[in-house]
Amino acid sequence: MTTLDPIRPVSEAAVNVVADKVGNLVGTLWDYSLGLVVNIIFLSRKAEEVAGEMERLQGLMEDLKQEAEDEARSRTQSDVSNQLRWWMSKVSSLATDASKFQESFEDQSLCVTRFRLGYDAVELLRQAKKLTEEGKTISSARLARPRGPDPVQQNIADRLRLPSDTPKDELFGQLSNKRFILFLDDVWERLNFEEIGIPLPRNSKNKSKILFTTRSEQVCGEMDFDQKVKINLLDDKSSWDLFRSKFGRDTAVLDVDPGIQQLAKKVVGRCGGLPIALITVGRAMSNAKTAYYWKDAIRKLDQCAAELSPGRIIDYWICEGFLDLENFDEHDIEDTRCRGNALISELQNACLLEVSGRSVMMHDTVRDMALWIVRHDFVVLAGSNVVASQIPHCSIWESAKRISLIHNRGIKAAPFFENLKSCPNLTTLLLQGSRLIQNVSKGFFDSMPTLRVLDLADTGLSVFPIEITSLTCLQYLCLSDTFGFTSLPVELGNLTNLRQLILRHTRRLTSIPREAISRLSRLQVLDMGWSGYNFGDEITRPLEMGMSDLANLSRLVEFHLPKNICSWRSLSVIEASPVLRQSARNIYIRASCDASVSPPPSGDTITERIGRLSRLRSLALLGEPSDPVMEELQLYPISRLQNLEYLSVRQFREAKISINISSHGSEPLFPRLRDLSIHYCDWCSELTWVGRLPCLEELTITGCQGLREVLLLDGGCHNHLMITSFPKLIMMNLQNLPLLTSINMSPLPFPSLKWLTVRGCPQLKRLPFGPQSAKNLLKIDGQKTWWDGLEWNNHADQQSFSSKFQAIPWND
């Protein structure tokens, strides 16, 4: 995962808003995903369970009805009668649903019907069991008495061989004198141990323990845990072992018959290492003794395929309105994204989502259940393996609110257009990676009056589809990686509700009329990273969009400039505008100035001016090797930028790169910098300050002819302050540094380092590694002659790191 931003606490209101918007998907998924695989494979058995549970429930209702009638003869119990009447009405309603289910089951034939019936069976069983438990508490005699002890409390009393109605004070006294282990499985809400009568182990001297499992990280915090252990997805061996343990006693069938064992391992593989799926499937398959059952299970599990979704999902949510509160401040999209990140984190903690890089992934079981829940609102035909027979019928498209055809190249354009002729409720259309839009017919977007999110990234567009400009409700438009079109139409300004315009990697885009952007009064995000557009001289290009036009977009909070060299004139406009000064996220600028532009004011350095762009994330400073203009590049003004994540310094052949560390005191330099690269800066003899970058993940230093040391010579002390060098460094790349003699004089832990590359550094004779260094190191790339000439503290260290070395060619 590029890593997610730090998560801020989510207000309960924000969570509730999203839950309402998406139909309480999180809770529903956990309710039903346990039974998903079982009900597909053994539908007949689930139907029998439904019938049995309903029969028991009907019997319980008759008993309670008779009990209530007997109580009514002796005394008035109006409250009890009302509660019983309410419960009986729910039982009757459920009995009607169960009867309809039985009729459908006896008549079912299609695979999709089996899936729906399996879903209904799990829901009926859940409701029936819930009503059974409720019915057991509605005895008139029990309701008339004072409330009894809690069931978690009754069970503990039984284990201590005490009466089940033992008061909590007596229970507390008994447990205080015992050494006990209390194990609570699948906890979903905070438990108050004192109210139950359980002494907390930390307050006693008997070394007792309380262990609990939960799928909610919030519950962990609420229960004030001492130690948390996260259980990740299982590897192949652990998955197989867990599956066998839940298979039942007759595991011999898995060992004796090689054919069945092979099929069983395929079934285990389909569970994707998810413990809850392995347990469920293991129990469900315990009676499968023939290859037929196993093959049938694999066939049905294969119908639940996982899909990758794009990493900009939070921006979709924002423009769909999922994350907007009633008091939503349109100027603060960062806070809105934090709410989205927090929700994704909650889904991760509940094992409903996996995040990798800029992508999110659902487990097969969870995804299939999610799609079933939203089957009337979503059409998802993502991936290159979709065939025409999987296209749903016309009525589904007409009622769809969200359609995803990401990377779909298997459906021909003609039937696709036919299906999308009428989509009056459509709010989201995701087409990235497909080629369907290239031959769009006239009037294609006319049937989508409510469309809010449109993603056309990597669709191979050769011209901008002018009909997009009629989508007046549109809030999110992505045209990234579309290398074909060279200009945007002036009609783009008609999209007055547009909040995010993404134009990344539109390398051929060179013309944007001023009114195409200046009329987008609600625009919050404009991403032109790696676009071909050049913010040039507004005097010579009066009809083209200039930097001053963006300065008038009062709601703009995030602006990614094209990766072209920014002129001093443009930098002056950015610096002078409060909007652009706060919204600029990246800048690529030459530190020198030529005769065609005005030089900076006297005494005002380039880094001082850039240091005022407080929310900058990426900065590239380019020197002028053929005409050096400065003796020193002082990085101090930009070293306190709180959001800077990437810094590149290039071609300062004659200038000294320096930073005034003493002025920072104990403050970290570049507090969020993750990627630092320094190229061809010859007057840098040392870069000891890089050891004080707390979040640095990648360090690249190349072609610096005068560099001798990289880190602190004293092993990590500076100004009497102990610091840990490189706590998060993952990759270090050192190339063409002929005078480099030391990375650090003493060993460093490098707890996160995975890759080290050393090329063209003949004077580097020692690596800063010891017995406890670089535990996660995967590979060291370098020349064989260099490696053979390294000096080591002992043979054990040399042997330990030799297995990581990989020789690479290099021309000295």
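Note that this is a predicted model, so its numbers are computed, not measured.

The rules behind the values
Residues numbered from 1 in each chain as written. Predicted model: local features only at pLDDT ≥ 70, side-chain atom pairs only at ≥ 80, totals over all residues. Heavy atoms only, no water. Helix = DSSP H or I, 4+ residues; strand = E, 2+ residues; numbered from the N terminus. Buried < 20%, exposed > 50% of the residue type's maximum accessible area, 1.4 Å probe, protein only. Areas by Shrake-Rupley, 256 points an atom, 1.4 Å probe, with all protein chains shown as cover. Salt bridge = Lys/Arg side-chain N within 4 Å of Asp/Glu carboxyl O. Pairing = 2+ DSSP bridges. Core = buried A, V, L, I, M, F, W, Y, C linked by side-chain atoms within 4.5 Å. Contact = heavy atoms within 4.5 Å. Axes fitted to C-alpha atoms, helices over the stretch in contact; angles between N-to-C directions. Parallel < 35°, antiparallel > 145°, perpendicular 65-115°, else oblique. Expected span 1.5 Å × (residues − 1). Arc of directions from axis to C-beta. Polar contact = N/O pair within 3.5 Å; in protein donor to acceptor, adjacent residues only side chain to side chain. pLDDT = per-residue confidence, 0-100. Patch = residues over 30% accessible without salt bridge, like charges linked within 9 Å, V, L, I, M, F, W, Y side chains within 5 Å. Phe/Tyr/Trp six-rings, centres within 6.5 Å; stacked < 30°, edge-to-face > 60°.

1. Some details on the overall build of the protein chain
- Along the protein chain, the regular secondary structure elements total 27 helices and 26 strands.
- In the protein chain, which comprises 812 residues, the share counted as buried stands at 46%.
- For the protein chain, the computed accessible surface area is about 40100 Å², with 50% contributed by carbon and sulfur atoms.

2. Details of the pattern of salt bridges
- This structure, assessed with the given rule, holds 15 salt bridges.
- For the salt bridge of R609 with E575, the shortest nitrogen-to-oxygen distance reads 2.8 Å. Here R609 is found in helix α25 (residues 606-610), whereas its partner E575 is found in helix α23 (residues 568-576), with 34 residues between them in sequence.
- For R612, the salt bridge is made with E575, and the minimal N-O distance between the two is 2.2 Å. Pair noted here: R612 is in the loop between α25 and β15 (618-622) and E575 is in helix α23, with a separation of 37 residues, a long-range link.
- Through salt bridges that share partners, E575, R609 and R612 make up one connected network.

3. Here we look at the pairing of strand β24 (residues 755-759)
- Two elements, strand β23 (residues 731-735) and β24, share five bridges in a ladder whose sense is parallel. Residue pairing for β24: M732 is matched across the bridge by L756.
- Judged from the four bridges that link them, β24 and strand β25 (residues 779-782) form a sheet pairing that is parallel. Across the sheet, W755 pairs through a bridge with K779, a residue of β25.

4. Notes on the nonpolar core
- Counting residues in each nonpolar core, the largest one holds 121 residues, and the members touching the most others are W689 and L767.
- Considering each element in turn, this core owes the most residues, three residues, to α23.
- Aside from chain neighbours lying at most four places away, what touches L767 is I743, L756, I780, W786, W787, L790 and W792.
- Among the nonpolar cores identified, the runner-up in size contains 27 residues, and W317, I333, L353 and L430 belong to it.

5. Considerations on the packing of helix α11 (residues 236-247) against helix α13 (residues 258-270)
- Between α11 and α13, whose axes approach to 10 Å, the crossing angle comes to 110 degrees. Our classification of the angle between α11 and α13 gives roughly perpendicular. The segment α11 lies against α13, with S239, W240 and F243 engaging Q261, A264, K265 and V268.

6. Quick look at the sheet that holds strand β6 (residues 378-380)
- Reading across the sheet, the eight strands line up as β6-β7-β8-β9-β10-β11-β12-β13 and stay open at both edges, with parallel pairing between neighbours. The sheet terminates laterally at β6 and β13 (558-560), the two strands that pair on one side only. Across the sheet, the mean angle from the axis of one strand to that of its neighbour is 5 degrees, orientation sign disregarded.
- For strand β10 (residues 476-478) and strand β11 (residues 500-502), the ladder comprises three bridges, and the chain directions are parallel.

7. Some points on α11
- Taking 1.5 Å of rise per residue, 12 residues should cover 16 Å, and α11 covers 16 Å from first to last C-alpha, within 8% of that figure.
- Those residues of α11 that sit buried are S239, W240, L242, F243 and F247. Considered in projection along α11, the buried side chains sweep an arc of 165 degrees and stay on one side of the axis.

8. Describing unusual backbone geometry
- Positive phi, close to 65 degrees, is recorded for Q651, a residue that is not glycine.
- Examined against the element boundaries, Q651 turns out to sit in the loop between β17 (646-650) and β18 (656-658).
- In this structure, A774 takes a positive phi of about 50 degrees despite not being glycine.
- With respect to the helices, strands and loops of the structure, A774 is situated in the loop between β24 and β25.
- What makes A774 buried here is its relative accessible area of 5%.

9. Some words on the sheet that holds β25
- The strand order across the open sheet formed by nine strands is β14-β15-β17-β19-β20-β23-β24-β25-β26, and the pairing between neighbours is parallel. Looking at which strands have only one partner, the edges of the open sheet turn out to be β14 (586-590) and β26 (805-807). Ignoring which end each strand starts from, the neighbouring axes of this sheet average 5 degrees apart.

10. Quick look at the side chain of R609
- Taking the relative accessible area as the measure of exposure, R609 reaches 7% and is therefore buried.
- In this structure the side chain of R609 is engaged in a polar contact, spanning 3.1 Å, whose partner is the side chain of S572.

11. Here's the deal with the environment of N425
- By secondary structure assignment, the location of N425 is in the loop between α20 (413-419) and β8 (428-430).
- Residues N425 and A400 lie 25 residues apart in sequence; the distance between their C-alpha atoms is 6.4 Å.
- Look past the residues within four positions of N425 in its chain and what remains in contact with it is E398, S399, A400, K401 and T450.

12. What to know about the confidence of the model for the protein chain
- Put simply, the protein chain has an average pLDDT of 77, and 74% of its residues get 70 or more.
- Contacts for the low-pLDDT stretch residues 303-311, under 50 throughout, to residues beyond four places or in other chains number 28 contacts.
- Low pLDDT (under 50) marks residues 594-598, which in the prediction has two contacts with non-local residues, meaning those over four places away or in another chain.

13. Structural notes on a nonpolar patch on the surface
- On the surface, a nonpolar cluster with roughly 330 Å² of combined accessible area is contributed by I181, F183 and L211.
- With respect to the element layout, F183 can be found in strand β1 (residues 181-184).

14. Quick look at the pairing of β17
- Bridge analysis of β15 against β17 gives five bridges, and the strand direction is parallel. Across the sheet, L619 pairs through a bridge with L647, a residue of β17.
- Sheet topology places β17 next to strand β19 (residues 675-679); five bridges connect them, and they run parallel. Looking at the pairing, L647 lines up with L676 of β19.

15. Quick word on the packing of aromatic side chains
- Counted according to the given criterion, the structure contains 13 aromatic pairs.
- A centroid spacing of 5.8 Å and a plane angle of 90 degrees characterise the contact between F750 and F769, whose relative ring orientation is edge-to-face. Placement of F750 in the loop between β23 and β24 and of F769 in the loop between β24 and β25 is noted, with a sequence separation of 19 residues between them.
- Residue F769 is classed as buried on the basis of its relative accessible area, which comes to 3%.
- For the ring pair W792 and F801, a centre distance of 6.1 Å and an interplane angle of 15 degrees mean the geometry is stacked.

16. Focus on α23
- Listed in full, the buried residues belonging to α23 are W568, S570, L571, I574 and E575. Within α23, the buried residues cover an arc of 155 degrees as seen down the axis, which keeps them to one side.
- Packed against the buried residues of α23 are α22 (547-551), α24 (578-583), β14 and α25.

17. Concerning the environment of Q798
- Structurally, the position occupied by Q798 is in helix α27 (residues 795-802).
- According to the relative accessible area criterion, Q798 is partly exposed, its value standing at 30%.
- When the C-alpha positions of Q798 and P771 are compared, they lie 9.8 Å apart, and in sequence the two are 27 residues distant.

18. Let's talk about the environment of F247
- Examined against the element boundaries, F247 turns out to sit in helix α11.
- Along the chain, F247 and V281 lie 34 residues apart, while their C-alpha atoms are 8.3 Å from each other.

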